[in-house]
Amino acid sequence: MSRTAKIERTTKESQVVVEVDLDGTGRSEVSTGVGFYDHMLDAFARHSLVDLVVRTTGDTHIDAHHSVEDTAIVLGQALREALGDKSGIRRFGDATVPLDEAVVQAVVDVSGRPFCVHSGEPEGQQYVAIGGTGAAYMGSLTRHVFESISFHAHLALHVRVLGGRDPHHVVEAQYKAFARAFRDAVAFDPRETGVPSTKGAL
């Protein structure tokens, strides 16, 4: 059974193509015009073991918002399509990930009922601009990304920042924790399939 999907979406603000393979090795080819977001999506692919291709062009001359949001929408749609009927998967995933002084817990339920709870970011995180190349990634976008993925992938997702100071670390730990939790949730449950699962192996 192939758990892959390719979704394309065009609006007045952006053109997005996303391809996913849930049974990949974590390879990624990501270009959104927002350098820090590319870094976060690369981290998601690597830690979820989802092969990921993202090609986004958007109105980054205005700011990063539309490109980041629309990419998250399409990524959520692609994950949902690739999951198919979800038969045989573990369904639940839970991961706690540190990054230096930052630590984040993420919990995923591939339930078909979209819901997102996002909490614990340090005061002022939403106003921080993070970026090297391309448009800056505003701290407020992180919650919006998880809400968009959760809604369009039909996931229940809880992300809790348990500690952190550096804005880059706080965001990156969130993406990695989500990736690890998602990786476990979509792995095949050997009790259901009779086949030992290696998806969650380190």
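Please refer to the structure placed before this passage.
Residues numbered from 1 in each chain as written. Predicted model: local features only at pLDDT ≥ 70, side-chain atom pairs only at ≥ 80, totals over all residues. Heavy atoms only, no water.

A. Structural detail: unusual backbone geometry. Here the phi dihedral of Arg91 falls at roughly 80°; this positive angle occurs in a residue that is not glycine. Note that Arg91 resides in the loop between helix 2 (65-83) and strand 5 (92-99). Its identity is not glycine, yet His154 carries a phi of approximately 60°, on the positive side. Summarising the element assignment, His154 is placed in the loop between helix 3 (141-153) and strand 10 (156-163). (Helix = DSSP H or I, 4+ residues; strand = E, 2+ residues; numbered from the N terminus.)

B. The arrangement of the sheet that holds strand 7 (residues 115-119) in detail. The mixed open sheet is built from four strands, whose spatial order is 5-6-10-7. The sheet is open, and its two borders are formed by strand 5 and strand 7, each paired with just one other strand. On average, each strand axis in the sheet is inclined to that of its neighbour by 10°, with strand direction left out of account. Across eight bridges, strand 5 lies against strand 6 (residues 102-109) in antiparallel orientation. (Pairing = 2+ DSSP bridges. Axes fitted to C-alpha atoms, helices over the stretch in contact; angles between N-to-C directions.)

C. Spotlight on the pattern of salt bridges. Taken as a whole and judged by the stated rule, the model has nine salt bridges. With a closest N to O distance of 3.9 Å, Glu8 and Lys6 form a salt bridge. For Lys6, a relative accessible area of 46% translates into the label partly exposed. Arg191 is the salt-bridge partner of Asp189, the closest N and O atoms lying 2.7 Å from each other. For Asp189, a relative accessible area of 8% puts it in the buried group. (Salt bridge = Lys/Arg side-chain N within 4 Å of Asp/Glu carboxyl O. Buried < 20%, exposed > 50% of the residue type's maximum accessible area, 1.4 Å probe, protein only.)

D. Representation of the pairing of strand 4 (residues 51-58). Across eight bridges, the pairing between strand 2 (residues 14-21) and strand 4 is antiparallel. Bridge pairing in strand 4 links Val20 to Leu52. Taken together, strand 3 (residues 28-31), helix 1 (residues 35-48) and strand 4 form a β-α-β motif whose crossover is left-handed. (Right-handed = clockwise from strand over helix to strand, strands pointing away.)

E. Examining the packing of helix 1 against helix 4 (residues 167-186) more closely. At a closest axis distance of 8 Å, the pairing of helix 1 and helix 4 adopts a crossing angle of 30°. As judged from the angle between their axes, helix 1 and helix 4 are roughly parallel. In this structure, helix 1 meets helix 4 at a crossing whose hand is right-handed. Between helix 1 and helix 4, the residues in contact are Phe36, Tyr37, His39, Met40, Ala43, Phe44, Arg46, His47 and Ser48 and His168, Val171, Glu172, Tyr175, Lys176, Phe178, Ala179, Arg180, Phe182 and Arg183, respectively. Split into classes, the residues belonging to the contact of helix 1 with helix 4 amount to 10 nonpolar, four polar and five charged. (Parallel < 35°, antiparallel > 145°, perpendicular 65-115°, else oblique. Left-handed = near helix turned anticlockwise from the far one by under 90°. Contact = heavy atoms within 4.5 Å. Nonpolar A, V, L, I, M, F, W, Y, C, P; charged D, E, K, R; others polar.)

F. Highlighting the nonpolar core. By size, the foremost hydrophobic cluster in this structure holds 58 residues, and its most contacted members are Val20, Leu52 and Tyr137. With 11 residues, the single largest contributor to this core is helix 4. Apart from residues no more than four positions distant in its own chain, Tyr137 is found in contact with Val34, Phe36, Tyr37, Val68, Val128, Ala129, Ile130, Thr142, Val145, Val171 and Tyr175. (Core = buried A, V, L, I, M, F, W, Y, C linked by side-chain atoms within 4.5 Å.)

G. Inspection of the sheet that holds strand 3 at higher detail. Read from one edge of the open sheet, four strands run 1-2-4-3, paired in mixed fashion. Edge positions in the sheet fall to strand 1 (4-10) and strand 3, since each has one partner strand and no second. Within this sheet the neighbouring strands show an average axis-to-axis angle of 5°, counted without direction. Contacts from helix 1 reach strand 3 and strand 4, with the element oriented near 160° to strand 3.

H. Summary view of the pairing of strand 6. Of all eight residues in strand 6, six are buried, a share of seventy percent or more. In this structure, the hairpin formed by strand 5 and strand 6 is closed by a connection of two residues, where Asp100 is found at a positive phi of approximately 55°. Looking at chain direction, strand 6 and strand 10 are connected through seven bridges and run antiparallel. Opposite Val107, over in strand 10, you have His158 as the bridge partner.

Function cannot be inferred from these measures alone, as they are strictly geometric.
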